[in-house]
Structures are given as structure tokens and as C-alpha cells.
Amino acid sequence: SLFEKDKLLFAFLLVSRLLLEGSSAVKGHMEPAELRFLLTGGISLGNPHENPAPDWLSDKAWGEICRLDDLPAFSSFRESFMHGAKMFQHIW
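Student: Let's hear about the packing of aromatic side chains: which residues, and what values?
Tutor: For the coordinates displayed, the defined rule picks out 6 aromatic pairs. Ring centres of Trp 56 and Phe 81 lie 6.1 Å apart, and the angle between their planes is 40°; this geometry places the pair in the tilted category. Residue Trp 56 is found in the loop between helix 2 (32-40) and helix 3 (59-68), and its partner Phe 81 is found in helix 4 (residues 77-83); the two are separated by 25 residues along the sequence. Taken together, a centroid distance of 5.9 Å and an interplanar angle of 40° make the contact between Trp 62 and Phe 81 tilted. Taken together, the residues Trp 62 in helix 3 and Phe 81 in helix 4 connect sequence positions 19 residues apart. By the burial criterion, Trp 62 is buried, and Phe 81 matches it.

Following this line, the structure appears as C-alpha cells:
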């Protein structure tokens, strides 16, 4: 049986696998690059974009948002974040 602390990780791995390779109803709803980003946060090679909210958003978090923008499913997220930083602060 699973330990209580491992149940959430197991559920994440199960759903990720289904979204990547499952039946035709859900297969392809997650790209391998998206899963890799969720697991690693991407690789930083420098960030040319200025942090729009340095008072509450760390440079590390801003770098991850910029790397997320490189994925096709999130291609306009960085711009949306920049224009609505105050709204995102409430969520953060």
C-alpha cells in the first residue's frame, strides 16, 4: 500500500502518464515538454525580460514564468502576467 505522504505524488504521476500516453480520449493533452517543465522548472540561461513586480515576485519565480512562456500552450502567459501583475499578486 502507499504511504499517506506518497499518495499525491502517485496521483500526479498517474494522471501525467494518462495525459501523455493514455486512451484516445485524453492522450495528447500534455506535451512531454510541459511535464518536463513541471518537474524541473526549466533551465535558466539568463532572462532578458525585466521583472514587472520585483517588490513581491522573486527573480527566480519571474525566470520560471518567462520559461513557461516558451511552451506553446502558455505562449502569451508572460505578457498577460506583465499587464496584470497586480491581479496575479492576489493569487500569488
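Read on for the rest.
Student: I'd love a proper account of the nonpolar core, names of residues and values included.
Tutor: In this structure, Ala 53, Trp 56, Leu 57, Ala 61, Trp 62, Ile 65, Cys 66, Phe 81, Ala 85 and Phe 88 together form the largest nonpolar core, which totals 10 residues. The element best represented in this core is helix 3, accounting for 4 residues. Those residues in contact with Trp 56, other than ones at most four positions away along the chain, are Phe 81, Ala 85, Phe 88, Gln 89 and Trp 92.

Student: Give me the lowdown on helix 2, citing residues and values where you can.
Tutor: All buried positions along helix 2 are accounted for by Glu 34, Leu 35 and Phe 37. Buried positions in helix 2, seen along its axis, are confined to an arc of 160° and lie on one side of it. Residues of helix 2 that are exposed and angled more than 90 degrees away from the buried face: Arg 36, Leu 39 and Thr 40. In this structure, the buried residues of helix 2 make contact with helix 1 (7-21) and helix 3. One or two positions beyond helix 2, positive phi appears at Gly 41, with a value near 80°.

What counts and what doesn't
Each residue is numbered by its place in its chain's sequence as written, counting from 1. Totals for whole chains, interfaces and linings use all residues, but because this is a predicted model, local features are given only for residues with pLDDT of at least 70 and pairs of side-chain atoms are given and counted only at 80 or more. By convention in this description, side-chain values take in all heavy atoms of the structure and omit both hydrogens and water. A pair of Phe, Tyr and Trp rings is counted when the ring centres sit within 6.5 Å of each other, with Trp represented by its six-membered ring. The angle between the planes then sorts it: under 30 degrees is stacked, over 60 is edge-to-face, the rest tilted. Starting at the N terminus, helices and strands are each numbered in turn, a helix being any DSSP run of H or I of at least four residues and a strand any DSSP run of E of at least two. With a 1.4 Å probe rolled over the protein chains alone, any residue whose accessible area is under 20% of its type maximum counts as buried; one over 50% counts as exposed, and the rest are partly exposed. Here, the term nonpolar core denotes a set of buried Ala, Val, Leu, Ile, Met, Phe, Trp, Tyr and Cys residues that are joined through side-chain atoms within 4.5 Å. Any pair of residues with heavy atoms lying within 4.5 Å of one another is described as a contacting pair. It is the directions from the helix axis to the C-beta atoms that the arc portrays.

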